[in-house]
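Chains, contacts and geometry: an overview
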Amino acid sequence: MRSAEILLCVANAVGLTALLVPLRGRARYGRHLAVLPPVVALVQVVTEGYRWQLVPAYLLAVGVGLGWITRVGLPRQRWRRVIGLGVAVAVFVVSVLIPVAVPVFLFPAPEGPYAIGTVTYHWRDDHRREIFDADPAARRELMAQVWYPAERDAEAPTAPYVPDAAALAPAAGRLLGVPGFVFGHFDVVPTHAAQGPPVASDRPRYPVLVFASGLNAFRQSNMFQIEQLVSRGFIVVGLDQPYTSAVTAFPDGRTVDGWSKDRLVEVIQQSVTPTAPAPSLGDVELPDGIFPYLAADLSFALDQLARLNDSDSQGLLTGRVDLDRVGAFGVSLGAITVGQACHTDPRLRACLMMDAAMPANVVRDGLTQPSMWVTRDVDSILSERSRSGGWPDHEIRETLATQRATFDKSAPGYGYHIEIPGMFHMNYTDAPAWTPLAERLAFSGPIGARRGHEIVAAYTVAFFERFLGGNRPALLEGSPPWDGVRIDRS
C-alpha cells in the first residue's frame, strides 16, 4: 500500500474510534477526530489518485464524516450497539483487506549501476499482411516499448507499469475470466524506469534484447527480468503482438483484443506436431503453424532497431544500439516464438526460452547460437494442474521432451538447461508480484514469488552477460546456490 492509502486506513480507524467509543469530560472533544477520514480520503485521491480497491475505505471515510456532522454514535440499546459495532468493524476490515490483497506493488530494486529510461514506438510493416485480419489489405503493426540504460539524476517522470491499463484491463479480464477492473490500477504501479531521459553516456553502444511475452500477456509482463537486465547495460525491446497479446493499443485509439487459446490451439500445435492437412487462418494455410509468422515480428523489430540506430525520431537511440550483440528471450508462447526466430534469423546471437515447447523444425535442426532453457520438473507441472488446471499430458510431454532434445543438439559450451522445482507457469512472469495471495491463487508455486523471480532473473542476467556482455559469470560455471535447482551444460 502507498503512504496516503495507509494514512487513510489509520484515519478511518481513529475516526471510527472517536465516533463509537463513549467519551466523557474533556475527552469528548476527541470526537472531532472523526472529521479526519474524509479529509485524508480527499488528500489520497488528489495526491495518489483514485483506485477501485479503496472504494470501501472511501465509503467508510464518508460515513464517519457524516456521523460526525450528524452527531450519530452507537445506539443506547445493547443489542443495537453490538450490531452497530460489528458492522463498523466488518466494514473497516474489508476496507483494509482489499487494498492489501490487490496492492500498488513494487518491483525489486535493480542491482546494476545504470538508471533506466523507456520510450514507446508504433511500428507498421508495409510488406507483410496481417493474417489474423480477413482484409487482405491489412498490414502487420506492432507496439514496441524500449527500456535502455539512462543517465542518472536526469529529470524525467516515472514510467508506470502499464500506461494503457484502461485498454488492458477489460481485455485481460475477459481472457482470464475475472472482472476487468482487477487490472485497472496497473497504470499507477510505479517502475524504476523514467520516461525519455538521455541514454547513459559511459558506453558508445549497448547490446539489445527482444522480449516476447506469453499468450494473452503484455509487453511489460516480465519487468522483474527487464529492469535487472537494463540496469546492467542492456537495451530491452518488449513487443505487443496483435491477436496474441492480451490487447494491443495503438496511438490513434484503435485496440486489438487478443484471441483465446481455444481459437489458436490448432495453429499453435501445428508448429510443435505438424499434421496434414495443415490448419489455416482465414485463407492463409499454415503448414508450419503460427510461429514462423510470429517470429517474423522479432526480425521486423531488429529491422526497426537498425533504422532507429541510423535516425531515431525521438532523438534517443541514434548510434547507441549495438546491432552486433543482439539476443532474445521469451516465456510460454513467446518462448516458442523466440526459438523459431533464433532458428531463422542469424542476427540473434543468444536466445533464452522459458517454460515452453520448441517447434518441430527447431527440434530437428537444433540452434546454432548460445541458448538457455529455463524450465521445471514434471512434479511441479502436475502440482499446478491439480491446483488450478493446466496442461494436458501431451503438452507436458512435448514441452519437456522438445526442450531437452533441442538442448542436446547445442554445441559444446553453448547450451544450458536450468530446471527449477516448485515453479508454476506464472512464476516466469510478474504475476506473483501482483498480490500477496499469489500462492493461494496458483499465480506462484511453492517456491514463492520472490525466490522464483530471484533465480530466473539471476540466470537471465548471467546468460546474456556471458554471451553478449563479454563477462564470465560464476553462476554459469558452478553448482546452483539454490537447493533443488539443476543446471546441465552442453
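As the structure is a computational prediction, the values presented were derived from the model and not from experiment. The written sequence of each chain sets the order in which its residues are numbered from 1. Reporting in this predicted model follows two pLDDT cut-offs: at least 70 for local features of residues, and 80 or more for side-chain atom pairs to be given and counted; totals over whole chains, interfaces and linings ignore these cut-offs and use all residues. The side-chain values count all of the structure's non-hydrogen atoms but skip hydrogen atoms and water molecules.

Once that is clear, we can look at the sheet that holds strand β15 (residues 486–489). Strand order in the open sheet formed by eleven strands is β3-β4-β1-β2-β6-β5-β11-β12-β13-β14-β15, and the pairing between neighbours is mixed. Looking along the sheet, the strands with just one partner apiece sit at the ends: β3 (158–160) and β15. In this sheet, adjacent strand axes meet at a mean angle of 30° when their direction is disregarded. Bridge count for strand β11 (residues 321–331) against strand β12 (residues 350–354) is five bridges, and the pairing is parallel. Following the sheet pairing, valine 331 is matched in β12 by methionine 354. Most of the contacts of helix α8 (residues 291–310) go to strand β1 (residues 115–129), to which it runs at about 115°, and overall it touches β1, β2 (139–150), β5 (206–212), β6 (235–240) and β11. Sheet strands touched by helix α9 (residues 333–344): β5, β11 and β12. Its angle to β11, the strand with the most contacts, is close to 140°. A pair of strands is labelled paired if DSSP reports no fewer than 2 bridges between them. Numbering of helices and strands runs from the N terminus, with a helix taken as a DSSP run of H or I at least four residues long and a strand as a DSSP run of E at least two residues long. Fitting a line to C-alpha atoms yields each axis, with helices limited to the stretch in contact; the angle taken between N-to-C directions then spans 0 to 180 degrees. Here, two residues are considered to be in contact whenever any of their heavy atoms come within 4.5 Å of each other.

For side chains of opposite charge, pairing can occur when their charged atoms come near one another. Counted as salt bridges are all cases of a side-chain nitrogen of Lys or Arg within 4 Å of a carboxyl oxygen of Asp or Glu. Taken as a whole and judged by the stated rule, the model has 27 salt bridges. Residue arginine 140 is joined to aspartate 297 by a salt bridge in which the shortest nitrogen-to-oxygen separation is 2.7 Å. Taken together, the residues arginine 140 in strand β2 and aspartate 297 in helix α8 connect sequence positions 157 residues apart. Given a relative accessible area of 1%, arginine 140 falls into the buried group. Where arginine 219 meets aspartate 240, a salt bridge forms, and the shortest distance between an N and an O atom there is 2.7 Å. Under the scheme applied here, a residue whose accessible area is under 20% of the maximum for its type counts as buried, over 50% as exposed, and between as partly exposed, the area being computed with a 1.4 Å probe on protein chains only.

With that out of the way, let us pick up the packing of α8 against α9. Between two packed helices, the angle of one axis relative to the other and the distance separating the axes together describe the packing. It is at 8 Å that the axes of α8 and α9 come closest, and there the two elements cross at 80°. The orientation of α8 with respect to α9, classified from their angle, is roughly perpendicular. When α8 is examined against α9, the residues Phe291, Pro292, Leu294, Ala295 and Leu298 are found in contact with a partner set consisting of Leu333, Ile336, Thr337, Val338, Gln340 and Ala341. Side-chain classes follow a simple rule in which Ala, Val, Leu, Ile, Met, Phe, Trp, Tyr, Cys and Pro form the nonpolar group, Asp, Glu, Lys and Arg form the charged group, and the remainder, Gly included, forms the polar group. A per-class count over the contact of α8 with α9 returns nine nonpolar, two polar and no charged. With respect to orientation, any angle under 35 degrees is reported as roughly parallel, any angle over 145 as roughly antiparallel, any angle of 65 to 115 as roughly perpendicular, and every other angle as oblique.

On to the layout of surface pockets, then. Regions of empty space are outlined by a rolling probe, equal in size to a water molecule, passed over the atoms. As defined here, a cavity is a set of points on a 1 Å grid over the protein atoms alone where a 1.4 Å probe fits but cannot get out. A pocket is an open set with protein on both sides within 12 Å along at least five of seven lines, and residues line them when an atom is within 4 Å of a point. Grid points are joined across faces, edges and corners, and a volume is the space filled by probe spheres set on the points. The computed volume of the second largest pocket comes to approximately 540 Å³. In terms of lining, the second largest pocket is formed by 23 residues, of which the most central are Pro108, Ala449, Arg450, His453 and Glu454. Those elements that place two or more of their residues in the lining of the second largest pocket are α6 (223–231) and α13 (449–467). Per-element tally for the lining of the second largest pocket: the top contributor is α13, with seven residues. The residue inventory of the lining of the second largest pocket, partitioned by class, reads 13 nonpolar, five polar and five charged.

Here we take up the side chain of asparagine 427. In this fold, asparagine 427 is placed in the loop between β14 (415–419) and α13. For asparagine 427, a relative accessible area of 0% gives the class buried. What asparagine 427 contacts, discounting residues up to four positions off in sequence, is Phe224, Gly422, Pro432, Phe443, Ser444, Gly445, Ile447, Gly448, Ala449 and His453.

This part covers the state of the cysteines. Note on disulfides: each one is a pair of cysteine sulfur atoms within 2.5 Å. Summed over the entire model, instances satisfying the criterion amount to one disulfide. Between the sulfur atoms of cysteine 342 and its disulfide mate cysteine 351 the distance is 1.9 Å. The disulfide joining cysteine 342 to cysteine 351 has a torsion of about -110° about its S-S bond and is therefore left-handed. By relative accessible area, cysteine 351 is classed as buried at 0%.

Using the criterion set out here, one finds one cavity of 30 Å³ or more in the structure. The calculated volume of the largest cavity comes to roughly 70 Å³. For the largest cavity, the full set of lining residues is Val162, Asp164, Ala167, Leu168, Phe218, Arg219, Gln220, Asp240, Val247, Thr248 and Ala249. Those elements giving two or more residues to the lining of the largest cavity turn out to be α5 (165–176) and β7 (247–249). Element by element, the count of residues in the lining of the largest cavity is highest for β7, at three residues. Class assignment of the residues belonging to the lining of the largest cavity gives a composition of six nonpolar, two polar and three charged.

So, about the UniProt feature "transmembrane region" (unreviewed entry) in the protein. UniProt positions are given in the numbering used here, feature names are shortened, and annotations may be inferred rather than shown by experiment. Taking the UniProt record as the reference, the feature "transmembrane region" (unreviewed entry) is found at residues 50–70 and 82–106. Summarising residues 50–70: 76% helix, 0% strand, and an end-to-end C-alpha distance of 27 Å.

Between its first and last C-alpha atoms helix α12 (residues 393–408) spans 22 Å; for 16 residues at 1.5 Å apiece the expected length is 22 Å, and the two agree. Regarding α12, the residues found buried are Glu395, Ile396, Glu398, Thr399, Thr402, Gln403, Thr406 and Phe407. Looking at the packing, one finds that the buried side of α12 touches α7 (261–272), α10 (360–365), β13 (371–375), α11 (378–388), β14 and β15. The length a helix should cover is 1.5 Å for every residue beyond the first.

The next thing to look at is the environment of alanine 462. Considering the arrangement of structural elements, one finds alanine 462 in helix α13. Sequence-wise, alanine 462 and glycine 184 are 278 residues apart; in three dimensions their C-alpha atoms are separated by 34 Å. Each residue touching alanine 462, except ones within four places of it in the same chain, is listed here: Pro473, Leu475 and Leu476.

The N-to-C vectors of helix α1 (residues 3–20) and helix α2 (residues 36–48) enclose an angle of 170°; their axes lie 8 Å apart at closest approach. Relative to α2, α1 is oriented roughly antiparallel. When α1 is examined against α2, the residues Ser3, Ala4, Glu5, Leu7, Leu8, Ala11, Asn12 and Gly15 are found in contact with a partner set consisting of Leu36, Pro37, Val40, Ala41, Gln44, Thr47 and Glu48. Residue composition of the contact of α1 with α2, by class: eight nonpolar, five polar and two charged.

Here a Phe, Tyr or Trp ring, Trp counted by its six-membered ring, pairs with any other such ring whose centre lies within 6.5 Å, and the pair is stacked when the planes are under 30 degrees apart, edge-to-face when over 60, and tilted otherwise. Under the counting rule described, the total for this entry stands at 30 aromatic pairs. Measuring from ring centre to ring centre gives 5.0 Å for phenylalanine 132 and tyrosine 243, while their planes differ by 5°; the resulting arrangement is stacked. Placement of the pair is phenylalanine 132 in the loop between β1 and β2 and tyrosine 243 in the loop between β6 and β7, with a sequence separation of 111 residues. Accessibility assignment for this pair places phenylalanine 132 and tyrosine 243 in one class, buried. For the ring pair tryptophan 434 and phenylalanine 443, a centre distance of 6.1 Å and an interplane angle of 85° mean the geometry is edge-to-face. In textbook terms, an aromatic cluster arises when at least three aromatic residues are bridged by ring pairs, as seen for Phe105, Phe107, Tyr161, Phe183, Phe186, Phe218, Trp434 and Phe443. Look at NZ for Lys and CZ for Arg. If either is within 6 Å of the ring centre and within 35 degrees of the ring normal, a charge sits over the ring. In this structure, arginine 128 packs its charged tip against the face of tyrosine 293, placed 5.0 Å from the ring centre. The aromatic ring of tryptophan 259 is capped on one face by arginine 263, whose charged end is 3.8 Å from the ring centroid.

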